[in-house]
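# Summary of the model geometry
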Amino acid sequence: MTFPQTSSIQSVLNGQEYWRLFTELESSGDIYETEQSGRAFVLGPQSDVAQIGLTYFDLQSPGSANCITVSVDKPMIGRLDAIGTEIYQSGDRARILISTNDLLPPIGFTPPSFTAGGLQVVKPSIDLLQYLSQEPTFIAPRANRNHMFENLPAGAAGSNWFLVPFYGRRFAEITAKILASAATAAGPPLTVEVYGLNFSNIIADPVVPDSGHQELLLSSVVIPAPALAAGPGVSGSIVLTNRAFDYLEVKLTYASAFPPTSFNLHVVTSDKI
Amino acid sequence: MKNTRRPVAPRHSQQRATSVGQTRPGVDPRGTPAVTTATDTYTLFTQVGGTRLLYNAEGWVRVNLRLETAGPVAVSIRQSVVPALSGKGILLEPTAVSFIMSKGDRLFYTAEAVNRVRFIVEPVPFLESILLNIQQGFDRTVNALSPLGRLLKFLGSAKR
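Overview of the structure. (Residues numbered from 1 in each chain as written. Chains lettered and ligands numbered in written order. Predicted model: local features only at pLDDT ≥ 70, side-chain atom pairs only at ≥ 80, totals over all residues. Heavy atoms only, no water.)

## Details of the overall build of chain B
- Across its full length, chain B carries two helices and eight strands.
- Listing each helix as α and each strand as β along chain B from the N terminus yields β-β-β-β-β-β-β-β-α-α.
- The burial tally for chain B puts 33% of its 160 residues in the buried class.
- Residue pairs at least 24 apart in sequence account for 75% of intrachain contacts in chain B once pairs closer than 6 positions are excluded.
- Accessible area for chain B stands at about 10,500 Å²; split by element, carbon and sulfur atoms hold 56% of it. (Helix = DSSP H or I, 4+ residues; strand = E, 2+ residues; numbered from the N terminus. Buried < 20%, exposed > 50% of the residue type's maximum accessible area, 1.4 Å probe, protein only. Contact = heavy atoms within 4.5 Å. Areas by Shrake-Rupley, 256 points an atom, 1.4 Å probe, with all protein chains shown as cover.)

Structure below.
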């Protein structure tokens, strides 16, 4: 999380045509602000979250505040005012507030399939473009996101979990590769499983973080280990299309201790099929 | 009868001549020395809230305003322009607005956020202002003398 956040006023003083908010999110409750009116609000190219909520001053709404959502397919084209001289009923100045409408993994979250081993959770980023001078003539789609986990060491038998954001995405390709082994015998196979995760706000037990909804997307894909003196290691990929999940969970399991070697995991997510 | 009254010598003020103030935006107009009206250009960064003096015309000028950000910024000749969205002034837009200010007019603005405003002021040449007044007076006189006025006007336009 960027603190303090970038200032939209500074963008005006610098003569910029837009202000960009691009930062990593810590929780679903992160709130940012802009004190500038904008002629358009568009999801930025590097946003992991798919929906951004804008709260603005509206005398006709309860609390003098109204909300609008900017999403992957629905930018906000039109003037949205930050009224510096008015205040919300809460007593705060009527600037535009920015937050995400997507649910993030709770702090301390572990996936339902997690038992023991390594867990890496990629935090999502928010990327919002506020156009100051004129509406954009072309709105670019989100860029593909590449998650590279390279030279992951293999130790004793076990599993590693990797959670990557998948908000609003429609395509993913997961590639796992065993790097060349220096051992004298072929190593054990590497098993890859992919799950889809959707988080919820249900608080059944306030002590235990909600584990969300998990669905197994693909059956285990076994990637055999390379043979001795083989060249590059064996790899396998899984393609996922047209599924809606908040996060993708990739589980790598190796049955017994690997020879001194390592493996790579590459996850590509895209809005396009 | 002989005039024995002695001529009175003219008295000049010892105080330096000052203008009402052809002011730059944001500059205190008081005590500004008299200056010749000239074309000038500014980028104004508006302050938030309240009524602010934008320009004080020393002579006949043409002002050109263009909003470079999202506003809202309102301008008015009248001092009561707050709040910006009340309709008491005109909202500035990304397309430029241009109008003539007469000598002594003041232009005020109010803004709800920090904005960039392109501000150009050009003097209306002396002869042009006279011609403007003459033409307006001529038109009014000629129109009052109709149908003779219409005939004269037609002859004048035909001659051109």
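## A few points about the pairing of strand β4 (residues 73-76) of chain B
Residue and element names in this part refer to chain B.
- The alternating pattern of β4 places Val73 and Val75 and Ala74 and Ser76 on opposite faces, both of which are buried.
- Relative to strand β5 (residues 90-91), β4 is paired through two bridges, and the arrangement is antiparallel. Counterpart to Ala74 in the pairing with β5 is Leu91. (Pairing = 2+ DSSP bridges.)

## A closer look at the packing of aromatic side chains
All names here are of chain A.
- Applying the stated criterion to the full structure yields nine aromatic pairs over all chains.
- Taking the centre distance of 6.1 Å and the plane angle of 50° together, the rings of Tyr18 and Tyr131 count as tilted. Here Tyr131 lies in strand β11 (residues 125-131) and Tyr18 lies in strand β1 (residues 18-24), a separation of 113 residues in the sequence.
- Residue Tyr131 is classed as buried on the basis of its relative accessible area, which comes to 17%.
- Plain terms: the ring middles of Phe57 and Tyr88 are 6.0 Å apart, the flat faces sit at 50° to each other, and that makes the pair tilted. Of this pair, Phe57 sits in strand β4 (residues 51-57) while Tyr88 sits in the loop between β7 (83-87) and β8 (93-94), and the two are 31 residues apart along the sequence. Residues Phe57 and Tyr88 agree in their burial class; the two are buried. (Phe/Tyr/Trp six-rings, centres within 6.5 Å; stacked < 30°, edge-to-face > 60°.)

## Some remarks on the side chain of Asn160(A)
Residue and element names in this part refer to chain A.
- If you trace the backbone, Asn160 turns up in strand β13 (residues 158-165).
- Taking relative accessible area as the criterion, Asn160 reaches 17% and is therefore assigned buried.
- A distance of 3.4 Å separates a polar side-chain atom of Asn160 from the backbone nitrogen of Gly118.
- Those residues in contact with Asn160 that lie beyond four places of it in its chain are Gly118, Val250, Lys251, Leu252, Tyr254 and Phe263. (Polar contact = N/O pair within 3.5 Å; in protein donor to acceptor, adjacent residues only side chain to side chain.)

## Quick look at the sheet that holds strand β2 (residues 52-56) of chain B
- Spatially, four strands are ordered β2-β7-β4-β5 (chain B) in an open sheet, and the strand pairing comes out antiparallel. Of all the strands in the sheet, just β2 and β5 of chain B have a single pairing partner and so form its edges.

## Some remarks on the sheet that holds strand β3 (residues 38-43) of chain A
All names here are of chain A.
- Strand order in the open sheet formed by four strands is β1-β11-β3-β6, with antiparallel pairing between adjacent strands. Only two strands of the sheet have a single neighbouring strand rather than two, namely β1 and β6 (76-80). On average, each strand axis in the sheet is inclined to that of its neighbour by 25°, with strand direction left out of account.
- Bridge count for β3 against β6 is three bridges, and the pairing is antiparallel. (Axes fitted to C-alpha atoms, helices over the stretch in contact; angles between N-to-C directions.)

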